[in-house]
Amino acid sequence: MITEQQRRSLLTDGYLGVPDLFTPGEIAEVAQRLDGLFDRFADLPAASVLDLGATDGEFGAEVPEILYPSSLSPQLRRTAVFRRGRALARRVLGAGTWFRFDHSIRKPPGCGYETVWHQDRVHKRSGLPERRLNIWIPTTPVGPADGCMRYVPRSHRNGVLPHEPVPGRRGALRTVGVAESDAVDVPLPVGGAALHLFETVHSAHPNSGPSTRTAWILQFTHPRTVLPTATLLHRAVYFGQTRAWRGKATR
Ligand SMILES: O=C(O)CCC(=O)C(=O)O
């Protein structure tokens, strides 16, 4: 768990690297579940998969992303990593914090794509008075060469900044005018996590290293009473679209 000083640092700077939230064994369990899903990437429901690479690249081979992996593999929700992540989110955002979303992004060795600079709030233009926390959990050690996260400190304080589409990249919206020299890398060992707020400007490096970089990303929201119709509808549609696959997977 984090100290009060770390909590304050997160709220002041908009991000926090924590090197020791989980044990290697706890991460290995998550890695095994995620690997099992990525191994079946081509067979996952269409609603569960994206690729953040080039628009003309081979879908699933560049920067594969799985949406709601914990719905496809419900054991993920029963892991120590999930439980501790949720307790941490409640400590940061307060009682009544609600698990909103999870996804997993993989960068194969030699993946030349950075995750472009963005604020998560720009993808959720609800305008609702909610606060969110992202917990980014790598399954291998990560540094700048392997695709670690990077942040612009205190960038969460200026509201939603202008964003622009990135030609040639699937679904990417990039914050306009980020001064990269202000950014801070957050390298992590196995068992570490990078935390950030809904408005923090962030990016992740390409993976020029020899290992596959996989991250499980948990997103929590507060207050729980903010349950916009669009969110519930999105969930209902997703569950409908993946029901047949989930039924087969658990048989
Ligand atoms: O894993 C990545 O490459 C980016 C993750 C990210 O942008 C996020 O967790 O908000």
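Here is what the cut-offs are and how they apply
- Residues numbered from 1 in each chain as written.
- Predicted model: local features only at pLDDT ≥ 70, side-chain atom pairs only at ≥ 80, totals over all residues.
- Heavy atoms only, no water.
- Helix = DSSP H or I, 4+ residues; strand = E, 2+ residues; numbered from the N terminus.
- Rg over C-alpha atoms; globule rule 2.2 N^0.38 Å.
- Contact = heavy atoms within 4.5 Å.
- Areas by Shrake-Rupley, 256 points an atom, 1.4 Å probe, with all protein chains shown as cover.
- Lys, Arg positive; Asp, Glu negative; His and termini not counted.
- Charge placed at Lys NZ, Arg CZ, Asp CG, Glu CD.
- Phe/Tyr/Trp six-rings, centres within 6.5 Å; stacked < 30°, edge-to-face > 60°.
- Buried < 20%, exposed > 50% of the residue type's maximum accessible area, 1.4 Å probe, protein only.
- Salt bridge = Lys/Arg side-chain N within 4 Å of Asp/Glu carboxyl O.
- Near = heavy atom within 4 Å.
- Polar contact = N/O pair within 3.5 Å; in protein donor to acceptor, adjacent residues only side chain to side chain.
- Nonpolar A, V, L, I, M, F, W, Y, C, P; charged D, E, K, R; others polar.
- Pairing = 2+ DSSP bridges.
- Axes fitted to C-alpha atoms, helices over the stretch in contact; angles between N-to-C directions.

(A) How the structure looks around the overall build of the protein. Scanning the protein for helices and strands turns up 5 helices and 13 strands. The C-alpha radius of gyration of the protein comes to 17 Å, within 12% of the 18 Å expected for a compact globule of 251 residues. Across its three principal directions, the C-alpha atoms of the protein cover 45 × 40 × 35 Å. A fraction of 85% describes how many contacts in the protein between residues 6 or more apart in sequence connect residues 24 or more apart. Element-wise, carbon and sulfur atoms account for 54% of the exposed surface of the protein, whose accessible area totals about 11,100 Å². With 32 positive and 23 negative side-chain charges, the protein shows a separation of 10 Å between the mean positions of the two kinds.

(B) Representation of the packing of aromatic side chains within the structure. All told, the structure shown has 9 aromatic pairs when counted by the stated rule. Taking 5.0 Å as the distance between ring centres and 15° as the angle between the ring planes, the aromatic pair formed by Tyr15 and Tyr151 counts as stacked. Placement of Tyr15 in strand S1 (residues 15-18) and of Tyr151 in strand S7 (residues 149-151) is noted, with a sequence separation of 136 residues between them. Considered together, Tyr15 and Tyr151 belong to a single accessibility category, that of buried residues. Between Tyr238 and Phe239, the ring centres sit 6.0 Å apart and the planes meet at 80°, which makes this aromatic pair edge-to-face. For Tyr238, a relative accessible area of 2% corresponds to the buried category. Aromatic ring contacts, followed pair by pair, group Tyr68, Phe101, Tyr238 and Phe239 into a single cluster.

(C) Summary view of the pattern of salt bridges. Tallied over the entire structure, the rule returns 12 salt bridges. Put simply, Arg154 and Asp13 hold a salt bridge, and the shortest N to O gap is 2.7 Å. Of this pair, Arg154 sits in the loop between S7 and strand S8 (163-165) while Asp13 is found in helix H1 (residues 4-13), placing the two residues 141 residues apart along the sequence. The class for Asp13 is buried, based on a relative accessible area of 18%. Where Glu199 meets Arg121, a salt bridge forms, and the shortest distance between an N and an O atom there is 2.7 Å. Separated by 78 residues along the polypeptide, Glu199 in the loop between strand S11 (193-197) and strand S12 (202-204) and Arg121 in the loop between strand S5 (115-118) and strand S6 (131-138) bring together distant segments of the chain. Overall, Glu199 belongs to the buried group, its relative accessible area being 17%.

(D) Inspection of the site of the ligand at higher detail. The environment of the ligand is formed by 13 residues, the closest being Thr115, His118, Trp136, His202 and Arg213. Asp120 places a polar side-chain atom, nitrogen or oxygen, 3.3 Å from an oxygen atom of the ligand. Within the side chain of Asn134, a nitrogen or oxygen atom sits 3.2 Å from an oxygen atom of the ligand. Burial of the ligand by the protein amounts to 97% of the accessible area it has alone, namely 300 Å². Mapped onto the shell around the ligand, the elements with two or more residues apiece are strand S4 (98-107), S5, S6, S12 and strand S13 (213-222). Classifying every residue of the shell around the ligand by side-chain character gives 5 nonpolar, 5 polar and 3 charged.

(E) View of the sheet that holds S4. Spatially, the 7 strands line up as an open sheet ordered S1-S11-S6-S13-S4-S3-S2, and their pairing is antiparallel. Unpaired on one side and paired on the other, S1 and strand S2 (49-51) mark the two borders of the sheet. Across the sheet, the axes of successive neighbouring strands diverge by a mean angle of 20°, strand direction being ignored. Sheet topology places S4 next to S13; 9 bridges connect them, and they run antiparallel. Looking across to S13, one finds that Ile105 is bridged to Ala215. Sheet contacts for H1: S1, S6 and S11; angle to S1, the most-contacted strand, approximately 140°. Of the strands in this sheet, strand S3 (64-67), S4, S6 and S13 are in contact with helix H2 (residues 24-39), which crosses S4 at around 70°.

(F) Inspection of the environment of Pro144 at higher detail. Within the fold, Pro144 resides in the loop between S6 and S7. Pro144 gets classed as partly exposed once you look at its relative accessible area, which sits at 41%. Along the primary structure Pro144 and Ala31 are separated by 113 residues, whereas in three dimensions their C-alpha atoms are 21 Å apart.

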